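Breakdown of the fold
Chain by chain, the residues run as shown.
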Amino acid sequence: MKQEGTHYTLAASLLHWSIAALILTQIGLGLVMDHLTFDDMLAFSLFQTHRALGIATLLLVALRVIWRLGHKPPALPKTLAPSARKLASSTHFLLYVGQILSPLSGWALASASSLALPLSLFGFFDWPLFPFPSDGRFEEPLRTLHHWAGWILAGIIAGHIAAALWHGLVRKDGVFSQILPRSGAGTRS
Ligand code: HEM
Ligand code: HEM
């Protein structure tokens, strides 16, 4: 596994921030789709956008996981207590689980829907669906799974953002700047 020095590489940072932006947009769209009412055309396009962006997120997350398997993250500062290190690595692991489970459960939900709408990726092509029975009997359990996967991920992200801000604004220990994009990774700023 390649050692990362004291800063995430540009690739890791760009993947982190693009996936973060997509997931926050997806959670926002999920909220809007579920709680506001729109005319049929707008509701349909919000719904299609959420589905297509979700698949794009899944593809970027797959790339991120492949990248991560070959690269060690930068070391945390030595001043950080062992319990805080453990908490950081378990939270990061849960974030990986959540960022995979959320789009995957959405894809399964779209596949199990009795409406069987094609999953168009922005009109370029149709993304394949899982072969669920067409009577929609798995739709409700998968809707519940997608609902909880999204909201549990949102909760973990809230904790992650709070920890990042604590490092960046209170401790000022360089952990926050590790993930900011910059070329020529190597030293802690
Ligand atoms: C919104 C969705 C987000 C997800 C899914 C996410 C996920 C992750 C993951 C999995 C890591 C660990 C990377 C690795 O070692 O492989 C990480 C690191 C990090 N993230 Fe996020 N993140 C998100 C948003 C944010 C935001 C909004 C901030 C800042 C306010 C942030 C700040 C950081 C920092 C500072 C690190 C480096 C921490 C360290 O080196 O221990 N993240 N993020
Ligand atoms: C990062 C990826 C994703 C996140 C974070 C996410 C999050 C959410 C959230 C928070 C909701 C509202 C759930 C509720 O309050 O009940 C939702 C609804 C929905 N999502 Fe996703 N989603 C993602 C990907 C996908 C994908 C890939 C698809 C399909 C291909 C999808 C299809 C749907 C559908 C159909 C609904 C409406 C469910 C209903 O009928 O109540 N999502 N999503």
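Residues numbered from 1 in each chain as written. Chains lettered and ligands numbered in written order. Predicted model: local features only at pLDDT ≥ 70, side-chain atom pairs only at ≥ 80, totals over all residues. Heavy atoms only, no water.

The next point concerns the coordination of the iron atom of ligand 1. Any two of four tetrahedral donors ideally make an angle of 109.5 degrees at the metal, while pairs among six octahedral donors ideally make 90 or 180 degrees. At the metal site, the iron atom of ligand 1 is ligated by His 16 (NE2) and His 160 (NE2), and these contacts range over 2.0 Å. Angles of 87 to 179° at the metal separate the 6 donor atoms of the iron atom of ligand 1, which places the site in the octahedral class. Highlighted residues: His 16 in helix α1 (residues 10-35) and His 160 in helix α4 (residues 139-171), separated in sequence by 144 residues. Its relative accessible area of 24% is what places His 160 among the partly exposed residues. (Donors = N, O, S within 2.8 Å, 3.2 Å for Na, K, Ca; no water. Tetrahedral: all angles 85-135°; square planar, octahedral: opposite > 155°, others 65-115°. Helix = DSSP H or I, 4+ residues; strand = E, 2+ residues; numbered from the N terminus. Buried < 20%, exposed > 50% of the residue type's maximum accessible area, 1.4 Å probe, protein only.)

We now examine the coordination of the iron atom of ligand 2. Listed as protein donors to the iron atom of ligand 2 are His 50 (NE2) and His 146 (NE2); their distances from the metal cover 2.0 Å. One can describe the site at the iron atom of ligand 2 as octahedral: its 6 donor atoms subtend angles covering 88 to 179° at the metal. Of this pair, His 50 sits in helix α2 (residues 40-69) while His 146 sits in helix α4, and the two are 96 residues apart along the sequence.

So, on to the site of ligand 2. Every one of the 23 residues lining ligand 2 counts as a neighbour, but Asp 34, His 50, Arg 143, His 146 and His 147 are closest to it. A distance of 2.8 Å separates a nitrogen atom of ligand 2 from a polar side-chain atom of His 146. Looking at the shell around ligand 2, the elements with two or more residues in it are α1, α2, α3 (82-112) and α4. Of the residues belonging to the shell around ligand 2, the class tally is 11 nonpolar, 9 polar and 3 charged. (Near = heavy atom within 4 Å. Polar contact = N/O pair within 3.5 Å; in protein donor to acceptor, adjacent residues only side chain to side chain. Nonpolar A, V, L, I, M, F, W, Y, C, P; charged D, E, K, R; others polar.)

By nearness alone, 21 residues border ligand 1, and His 16, Arg 68, Tyr 96, His 160 and Gln 178 come closest of all. Note that a nitrogen atom of ligand 1 is positioned 2.8 Å from one of the side-chain N or O atoms of His 16. Within the side chain of Gln 178, one N or O atom sits 2.7 Å away from an oxygen atom of ligand 1. Secondary structure elements with two or more residues in the shell around ligand 1: α1, α2, α3 and α4. Split by residue class, the shell around ligand 1 holds 14 nonpolar, 5 polar and 2 charged.

The next subject is the environment of Ile 157. The topology assignment puts Ile 157 in helix α4. Those residues in contact with Ile 157 that sit more than four places away from it in its chain are Ile 23, Leu 24, Ile 27 and Leu 95. (Contact = heavy atoms within 4.5 Å.)

Enumeration according to the criterion identifies 4 aromatic pairs in this entry. With centroids separated by 6.4 Å and ring planes inclined at 85°, the aromatic side chains of Phe 130 and Phe 132 adopt a geometry described as edge-to-face. Ring geometry for Phe 132 versus Phe 138: centroids 5.7 Å apart, planes at 50°, classification tilted. Assessed through its relative accessible area of 35%, Phe 138 is described here as partly exposed. (Phe/Tyr/Trp six-rings, centres within 6.5 Å; stacked < 30°, edge-to-face > 60°.)

This next bit is on the environment of Ser 18. Looking at the secondary structure, you find Ser 18 in helix α1. Judged by relative accessible area, which is 30%, Ser 18 ranks as partly exposed. Sequence separation between Ser 18 and His 167 is 149 residues; the distance between their C-alpha atoms is 21 Å. In this structure the side chain of Ser 18 is engaged in a polar contact, spanning 3.4 Å, whose partner is the backbone oxygen of Leu 15.

Core analysis: the largest hydrophobic core is formed by 9 residues, namely Ile 19, Ile 23, Ile 27, Val 61, Leu 95, Leu 153, Ala 154, Ile 156 and Ile 157. At the level of secondary structure, the elements contributing two or more residues to this core comprise α1 and α4. Broken down by element, this core gets its largest block of residues, 4 residues, from α4. Once you skip the residues sitting within four places of it in the chain, Leu 95 turns out to touch Leu 153, Ile 156, Ile 157 and His 160. One finds Ala 52, Leu 58, Trp 107 and Trp 127 within the second-largest nonpolar core, a separate group that totals 8 residues. (Core = buried A, V, L, I, M, F, W, Y, C linked by side-chain atoms within 4.5 Å.)

Just geometry here; none of it tells us what the structure is for.
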